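Structure assessment
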Protein chains: 2
Amino acid sequence: MVAVAVSTDEIRLARAYLSRVAEPPAAALARFVAEVGPVEAAELVRAGEVPSGVESQTSARRALDLAEQDLEAAAKVGGRLLVPEDDEWPRWPFNALAIAAANGLRCGLEPLALWVRGDAHLATITERAVAVVGSRAASGYGQHVAGEFGFGLAQAGITVVSGAAYGIDGAAHRGAITAGGLTIAVLACGIDVAYPAGHRALLERIPSQGLLVSEYPPTHTPARHRFLTRNRLIAALAEGTVVVEAGQRSGAKNTAASTAALGRVLMAVPGPITSVSSSGCHELLRSGIALPVTSVAEVIESTGRLGVDLVEATRNTDTGPPQGDAMRVFEALGLTFGHSPEAISVESGVELSRVRALLPQLELASLAERAESGWKRSQDGSWRGDT
Amino acid sequence: MVAVAVSTDEIRLARAYLSRVAEPPAAALARFVAEVGPVEAAELVRAGEVPSGVESQTSARRALDLAEQDLEAAAKVGGRLLVPEDDEWPRWPFNALAIAAANGLRCGLEPLALWVRGDAHLATITERAVAVVGSRAASGYGQHVAGEFGFGLAQAGITVVSGAAYGIDGAAHRGAITAGGLTIAVLACGIDVAYPAGHRALLERIPSQGLLVSEYPPTHTPARHRFLTRNRLIAALAEGTVVVEAGQRSGAKNTAASTAALGRVLMAVPGPITSVSSSGCHELLRSGIALPVTSVAEVIESTGRLGVDLVEATRNTDTGPPQGDAMRVFEALGLTFGHSPEAISVESGVELSRVRALLPQLELASLAERAESGWKRSQDGSWRGDT
């Protein structure tokens, strides 16, 4: 470890350069930076004086030093570069990456820096965050659920993390914005790139209610491998990930895999089995790696602090039908005309003495009443369930 | 144990009497019958010379000996009484009841006799059987799924067991009938009672493609406690139970509980979380006691014999996208015009020597081709996935 006192500006400039010189995830470069520090690492990469692993990751772009231009381009759209040396760095969420890396998992690489756009404080707004992700080719059902979940989570003070894609992602962001809450879009391109083009307005809006976040420097265009690399950051920044809809080849399945690998709570929303849009979710549920969630309350319960966020049971809490012999006697009561205790005993198969004991109890429970001809069901207390 | 040689007719007559004298489940009477045998038990019950537990279960109806009339009424509709002494008795399925009873579970009581209607052999057609159950207040989605599952299971040679109710049950029976397969309706009333009335035609049809089965003697009308008592037989006669739709108070949840208590495979079909008809299924899935199933193949896999009925993975089995550096190089290829290896190296961040090595590999995989200006994506081999 080379201990040199460097100003934050120098570090930021060095990391800006490093963030463009290698295509993430670049494990060898990350190790090298951790070893010699970002400023020294940047100088050595520029000079080509690096170990062979780092060389192969940086040789293609090492002459391309756009650090100052990138910082300016970010500033021009209201963005900035966050570095691990900043207070705002999401140290706690990224802990999961460090643990995964220690276990040799590829998804466990912490970014060298993060380009962000918006005024929010990243570390603060990820203290309580849930990712809501899914297919671009979402159904109306999926978009409805994503919007409701985004809205409900944001309303509960939870930041909604997603990937700004068409379909589920967009609906989740919009839900959070509508609730007046916070949302983070983690991009697979520069924070100044309007991708997808149809989400230009959404991407312009998010910085006023959260953050655009990207590992890629300004002007970087998205590519498939960047979506996959990006997905680990969505999983890491959130306490749990809800997959709302996912087809068989949806990238959301990749985010789901990262979520599970990072030890975060993975949730999936059930849907019609007749819909291919839900098939990926059902696969996650069937394999047992995802928990089914059907409401915002269940998502909060599943990701929340024990004892604080327990969901109210959806179970009906009324006292329900009479049980055992009482139920039999109740069923044997006349609907219109009263029956004698003897007739009720034969009909119900409950012995006469017990019938005589139970009838007044049913009367007290407003389930039975005395009629001229005997006992019948009470008019206002009748109980009916779906059998 | 009193060892007396008795003819099958005598046993059948005795059990017919016993099947009406006590309202099932009558544990004390069952124990008494097991102890002294059915013929002796019937005589002692008639005479009122029984232990007090049996007395309380039988005193109300002991004078009501309709055994011969009941057997005649059954015969009149093409029915008969099955007794445990018959070869046709579903000994193997009812084993689960015996185990549950040994564990003190109320749902573990074997019936004293079974009234059946139809020509099929009960023990044979329950060798491979799956129950498909659910709400009476089913949605169009639920009825569609129940029909498809009934059809598919029957087509696979599996008997479809259900409860003949409106909604899910009816759709499951009809699916099996349409497939030309076998189905069993376990009733909460006599086999000669058309309940529900709107299923009269269905109930008349089932005996030609399976069986109506009931623990209750002819003319017995249904009552709520009888549905609950009946549900354990649905669970016991099938290797597993699929709950297609269930609201919060659906009787299907009771069948589900019996299925789990009897150690049988419990399955639930996911549905839209916006549908109250699926809320019971989601509760079962969320609690972890039910396995999600989305197709007939998955039901067969979940209930079937290991290694024989493995479902084909629904996963797409093509080779998928190129991985790692190859994917990056592929993404950096021109779409229309070719790019130089140097440009591809900068764009992809993959070092030049590796780009040069990978391009011919991508060409071999029909993913890249040489153009005049360099390398571009192959026209016919382009790969696109949903990110």
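Residues numbered from 1 in each chain as written. Chains lettered and ligands numbered in written order. Predicted model: local features only at pLDDT ≥ 70, side-chain atom pairs only at ≥ 80, totals over all residues. Heavy atoms only, no water.

Moving on to the overall build of chain A. Along its length, chain A carries 17 helices and 11 strands. For chain A, whose C-alpha radius of gyration is 30 Å, the value lies well above the compact-globule estimate of 21 Å for 387 residues. Each principal axis of the C-alpha distribution contributes one length, and for chain A these read about 105 × 40 × 35 Å. Long-range contacts, defined here as pairs at least 24 residues apart, represent 72% of the contacts in chain A between residues at least 6 apart. As presented, chain A carries roughly 15600 Å² of accessible surface, and 53% of it is formed by carbon and sulfur atoms. Averaging the positions of the 34 positive and the 42 negative side-chain charges in chain A gives two centres separated by 5 Å. (Helix = DSSP H or I, 4+ residues; strand = E, 2+ residues; numbered from the N terminus. Rg over C-alpha atoms; globule rule 2.2 N^0.38 Å. Contact = heavy atoms within 4.5 Å. Areas by Shrake-Rupley, 256 points an atom, 1.4 Å probe, with all protein chains shown as cover. Lys, Arg positive; Asp, Glu negative; His and termini not counted. Charge placed at Lys NZ, Arg CZ, Asp CG, Glu CD.)

With that settled, the discussion passes to the UniProt feature "domain: Smf/DprA SLOG" (unreviewed entry) in chain A. The sites that UniProt annotates as "domain: Smf/DprA SLOG" (unreviewed entry) are residues 83–302 of chain A. As annotated, residues 83–302 of chain A has a helix share of 40% and a strand share of 16%, and its two end C-alpha atoms lie 31 Å apart. (UniProt positions renumbered as here; feature names shortened; annotations may be inferred.)

Residues and elements named next belong to chain B. Taken in spatial order, the 9 strands of this open sheet run β1-β2-β6-β5-β4-β3-β7-β8-β9, and their pairing is mixed. The open sheet has two edge strands with one neighbour each: β1 (79–82) and β9 (291–292). Pairing between strand β5 (residues 183–187) and strand β6 (residues 210–214): 5 bridges, direction parallel. Residue pairing for β6: valine 186 is matched across the bridge by valine 213. (Pairing = 2+ DSSP bridges.)

As a further point, take the interface of chain A and chain B. The interface is formed by 64 residues belonging to chain A together with 65 residues belonging to chain B. Roughly 5500 Å² of surface becomes buried between chain A and chain B when both sides are summed, with 52% attributable to carbon and sulfur atoms. Viewed at the interface, chain B and chain A are joined by 21 residue pairs in polar contact (both at pLDDT 80 or more). Looking at the side of chain A that touches chain B, the elements that each hand over two or more residues are α4 (52–58), α8 (140–155), α11 (224–237), α13 (279–287), β9 (291–292), α14 (296–303), α15 (324–332) and α16 (341–348) of chain A. Examining the composition of the side of chain A that touches chain B, we find that 5 residues originate from one element, α11(A), more than from any other. Residue composition of the side of chain A that touches chain B, grouped by class: 24 nonpolar, 23 polar and 17 charged. (Buried area = accessible area lost by both parts, 1.4 Å probe. Polar contact = N/O pair within 3.5 Å; in protein donor to acceptor, adjacent residues only side chain to side chain. Nonpolar A, V, L, I, M, F, W, Y, C, P; charged D, E, K, R; others polar.)

A word on the pairing of strand β6 (residues 210–214) of chain A. Burial within β6(A) is extensive, with 5 of its 5 residues counted as buried. Of the crossover connections in this fold, the one passing from strand β5 (residues 183–187) of chain A over helix α10 (residues 200–205) of chain A to the parallel β6(A) is right-handed. (Buried < 20%, exposed > 50% of the residue type's maximum accessible area, 1.4 Å probe, protein only. Right-handed = clockwise from strand over helix to strand, strands pointing away.)

A few words now on a negative patch on the surface. Residue and element names in this part refer to chain B. A grouping of Asp9, Glu10, Glu40 and Glu43 is seen on the molecular surface, where their side chains present a negatively charged patch. Here glutamate 43 lies in helix α3 (residues 38–47). Among the residues examined, glutamate 43 registers a relative accessible area of 47% and is labelled partly exposed. (Patch = residues over 30% accessible without salt bridge, like charges linked within 9 Å, V, L, I, M, F, W, Y side chains within 5 Å. Salt bridge = Lys/Arg side-chain N within 4 Å of Asp/Glu carboxyl O.)

Moving on: the pattern of salt bridges. All names here are of chain B. Under the definition given, this model contains 38 salt bridges over all chains. The partner of aspartate 70 in a salt bridge is arginine 20, with the nearest N and O atoms 2.8 Å apart. Residue aspartate 70 is found in helix α5 (residues 67–76), and its partner arginine 20 is found in helix α1 (residues 8–21); the two are separated by 50 residues along the sequence. Neither residue differs from the other here; aspartate 70 and arginine 20 are each classed as buried.

A few words now on the domain arrangement of chain A. Interface size is commonly expressed as the accessible area that is lost once the parts come together. On domain assignment, one finds that chain A holds domain 1 (1–65), domain 2 (106–303) and domain 3 (324–377). A straight line from the C-alpha centre of domain 2 of chain A to that of domain 3 of chain A covers 58 Å. (Domains from an automatic or database assignment.)

A word on the relation of the copies chain A and chain B. You can overlay chain A on chain B at an RMSD of 0.1 Å; the transform is a turn of 180° with a shift of 0.0 Å along its axis. The two molecules are tied by a two-fold rotation axis, judged by turn and shift. The position closest to the rotation axis in chain A is occupied by the C-alpha of Gly271(A), lying 2.3 Å away. Mapped onto chain B, 100% of the interface residues of chain A again fall at the interface, so both copies present the same surface. (Least-squares fit on C-alpha atoms with pLDDT ≥ 70 in both.)

Residue and element names in this part refer to chain A. Two elements in contact, helix α1 (residues 8–21) and helix α5 (residues 67–76), have axes whose closest approach is 8 Å; the angle formed by their N-to-C orientations is 95°. Between α1 and α5, the angle is such that the two are roughly perpendicular. Taking contact as the criterion, the partners of Arg12, Leu13, Ala16, Tyr17 and Arg20 in α1 are, on α5, Ala67, Glu68, Asp70 and Leu71. A breakdown of the residues in the contact of α1 with α5 according to their chemical character gives 5 nonpolar, no polar and 4 charged. (Axes fitted to C-alpha atoms, helices over the stretch in contact; angles between N-to-C directions. Parallel < 35°, antiparallel > 145°, perpendicular 65-115°, else oblique.)

A word on the environment of Val145(B). Structurally, Val145(B) can be placed in helix α8 (residues 140–155). The exposure class of Val145(B) is buried, given its relative accessible area of 1%. In sequence terms Val145(B) and Arg286(B) are 141 residues apart; their C-alpha atoms lie 21 Å from each other. Among all residues touching Val145(B), those that are not within four sequence positions of it are Ile273(A), Val244(B) and Val269(B).

Moving on, we come to the packing of aromatic side chains. Residue and element names in this part refer to chain A. Counted according to the given criterion, the structure contains 4 aromatic pairs over all chains. With 6.1 Å between their ring centres and 45° between their planes, tyrosine 195 and phenylalanine 227 make a pair best called tilted. Of this pair, tyrosine 195 sits in the loop between β5 and α10 while phenylalanine 227 is found in helix α11, placing the two residues 32 residues apart along the sequence. Of the residues examined, tyrosine 195 reaches a relative accessible area of 33% and is grouped as partly exposed. Seen from the ring of phenylalanine 330, arginine 377 lies directly overhead, with NZ or CZ sitting 4.5 Å from the centre. (Phe/Tyr/Trp six-rings, centres within 6.5 Å; stacked < 30°, edge-to-face > 60°. Lys NZ or Arg CZ within 6 Å of the ring centre and 35° of its normal.)

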